[in-house]
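Structural overview for review
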Amino acid sequence: MANSFVCTFHLKNYMNKYALLSLGAVALASPAFAAQTIPVPDVAPAAAGYQVVINIPQQRLFLFKDGSLKKVYPVGVGKAMSQTNIGEHKIGAKAFNPTWHIPLSIQKERGDGVKSVPPGPKNPLGPVFVRLGNPKLGLGIHGTSNPASVPGVVSHGCVRMHSNNALQFARSVHTGANAAVIYQLASLNADANKHLWLAAYADPYQQRNLNTTALRQSIDAWSQVNGLTANPARINSVLRSR
């Protein structure tokens with residue numbers, strides 16, 4: 001994972017593996033999806049309709065439908081100097097084969113006199129642009145002409161996807177769907193076999209908002225309910241490694 005090494009440990013058997021089921025009781029869409037073993041952030045998806053969640057430190061976009069997790073996509077997010085706006089948004093209009101009208105700030109940065117890029121393989125927006133939030137923010141979820149930049153902390157604020165994923169996402173999600181950009185530095189998940197998993201991520205925006213006390217309390221509470229013991233050394237290792 002570019003710019004964000006994820007150190008994930010099975011706290012019971014010391015296996016390097018990701019989570020299968022969120023402690024937030026997110027329902028997985030299918031056994032095939034469960035096999036992808038992606039850490040799920042602490043969110044409460046809506047019971048009806050589509051919902052998009054983007055976790056900045058994790059560099060992942062989660063697409064929920066009717067309370068079930070349907071897809072997880074790697075994404076490129078805003079750099080520290082041009083951060084993706086954290087908060088609640090809406091999915092807006094979609095533009096297929098878009099022309100990129102280059103913002104003035106980026107024109108100055110480029111310094112090549114180019115003001116727009118037509119549709120095609122050199123267009124940084126890829127084959128589709130999906131508006132994210134108020135148009136005044138200038139944000140979108142889109143494809144890319146630089147697939148090696150995904151995942152990563154790389155953009156001027158928009159959310160990049162591999163172009164095939166961007167097309168799939170755009171054709172799935174509905175305009176008007178809720179979209180949340182969150183900043184969770186750790187994922188604590190449990191699976192159906194009473195295994196607990198912890199993943200921790202780098203802090204690209206220097207938010208320093210990980211409440212390790214609350215995290216340890218959650219681990220202790222889960223352990224007590226299930227009659228198990230988590231190894232503190234392994235927890236400490238994950239939190240140090242990020």
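Source: prediction; values computed, not measured.

About the thresholds
Residues numbered from 1 in each chain as written. Predicted model: local features only at pLDDT ≥ 70, side-chain atom pairs only at ≥ 80, totals over all residues. Heavy atoms only, no water. Helix = DSSP H or I, 4+ residues; strand = E, 2+ residues; numbered from the N terminus. Buried < 20%, exposed > 50% of the residue type's maximum accessible area, 1.4 Å probe, protein only. Contact = heavy atoms within 4.5 Å. Areas by Shrake-Rupley, 256 points an atom, 1.4 Å probe, with all protein chains shown as cover. Core = buried A, V, L, I, M, F, W, Y, C linked by side-chain atoms within 4.5 Å. Axes fitted to C-alpha atoms, helices over the stretch in contact; angles between N-to-C directions. Left-handed = near helix turned anticlockwise from the far one by under 90°. Nonpolar A, V, L, I, M, F, W, Y, C, P; charged D, E, K, R; others polar. 1 Å grid on protein atoms, 1.4 Å probe; cavity = no way out; pocket = protein on both sides within 12 Å on 5 of 7 lines; lining within 4 Å. Points joined across faces, edges and corners; volume = space filled by probe spheres on them. Arc of directions from axis to C-beta. Pairing = 2+ DSSP bridges. Polar contact = N/O pair within 3.5 Å; in protein donor to acceptor, adjacent residues only side chain to side chain. Salt bridge = Lys/Arg side-chain N within 4 Å of Asp/Glu carboxyl O.

Notes on the overall build of the protein chain
Scanning the protein chain from terminus to terminus reveals 5 helices and 16 strands. Burial status across the protein chain gives 48% buried among its 242 residues. Intrachain contacts of the protein chain at a sequence separation of at least 6 include 61% that bridge at least 24 residues. If you sum the accessible surface of the protein chain, you get close to 11700 Å²; carbon and sulfur atoms cover 53% of it.

Let's talk about the nonpolar core
Counting residues in each nonpolar core, the largest one holds 28 residues, and the members touching the most others are Val52, Ile54, Leu61, Ile91, Leu132, Ile141 and Phe169. Listed by contribution, the elements that provide at least two residues to this core are β3 (50–55), β4 (60–65), β10 (128–132), α3 (163–172) and β14 (178–182). Among residues more than four places away in sequence, those in contact with leucine 61 are Val52, Val53, Ile54, Lys71, Val72, Tyr73, Val75, Ile141 and Phe169. One finds Leu215, Trp222, Ile235 and Leu239 within the second-largest nonpolar core, a separate group that totals 13 residues.

Description of the packing of helix α4 (residues 212–226) against helix α5 (residues 232–241)
At their nearest, the axes of α4 and α5 sit 12 Å apart, and the two run at 145° to each other. Viewed along their axes, α4 and α5 form a crossing whose handedness is right-handed. Note on element contacts: α5 touches α4 through Ile235, Asn236 and Leu239, opposite Thr212, Leu215, Arg216 and Ile219. Each residue belonging to the contact of α4 with α5 can be placed in one class, and the counts come to 4 nonpolar, 2 polar and 1 charged.

Some points on the layout of surface pockets
Roughly 640 Å³ of volume is contained in the largest pocket. In terms of residues, the lining of the largest pocket owes the most to one element, helix α2 (residues 104–110), which gives 3 residues. Class assignment of the residues belonging to the lining of the largest pocket gives a composition of 12 nonpolar, 12 polar and 3 charged.

Observations concerning α3
Buried within α3 are the following residues: Asn165, Ala166, Phe169 and Ala170. The buried residues of α3 occupy an angular sector of 130° when projected down its axis, which confines them to one face. Within α3, the exposed residues directed more than 90 degrees away from the buried face are Asn164 and Arg171. On its buried face, α3 sits against β3, β4, β5 (68–74), β7 (87–96), β10 and β11 (140–142).

Describing the pairing of β5
Of all the 7 residues making up β5, 5 are buried; the element is thus mostly covered by neighbouring parts of the structure. Relative to β5, β4 runs antiparallel, the two sharing 6 bridges. In the sheet register, lysine 65 faces β5, and the bridge partner there is serine 68. In textbook terms, the turn of a hairpin is the stretch between consecutive antiparallel strands, and for β4 and β5 this stretch comprises 2 residues, one of which, aspartate 66, has a positive phi near 50°.

Comments concerning the pairing of β4
The buried fraction of β4 amounts to 5 of the 6 residues, a majority that puts the element mostly inside the structure. Inspection of the sheet shows β3 paired to β4 by 6 bridges, in the antiparallel sense. Considered in β4, the bridge of glutamine 51 is made with phenylalanine 64. Where β3 folds back on β4, the antiparallel hairpin that results is connected by 4 residues, among which glutamine 59 adopts a positive phi of roughly 55°.

A few points about the side chain of glutamine 58
Topologically, glutamine 58 is positioned in the loop between β3 and β4. Given a relative accessible area of 2%, glutamine 58 falls into the buried group. Polar contacts involving the side chain of glutamine 58 include one to the side chain of asparagine 55, which spans 3.2 Å. Side chain to side chain, glutamine 58 and tyrosine 201 meet in a polar contact 3.3 Å long.

As for the pattern of salt bridges
For the structure on display, the rule yields 1 salt bridge. One salt bridge in this structure joins aspartate 112 and arginine 110, with 3.0 Å as the shortest N-O distance. A relative accessible area of 43% means that aspartate 112 is categorised as partly exposed. Judged by its relative accessible area of 36%, arginine 110 is partly exposed.

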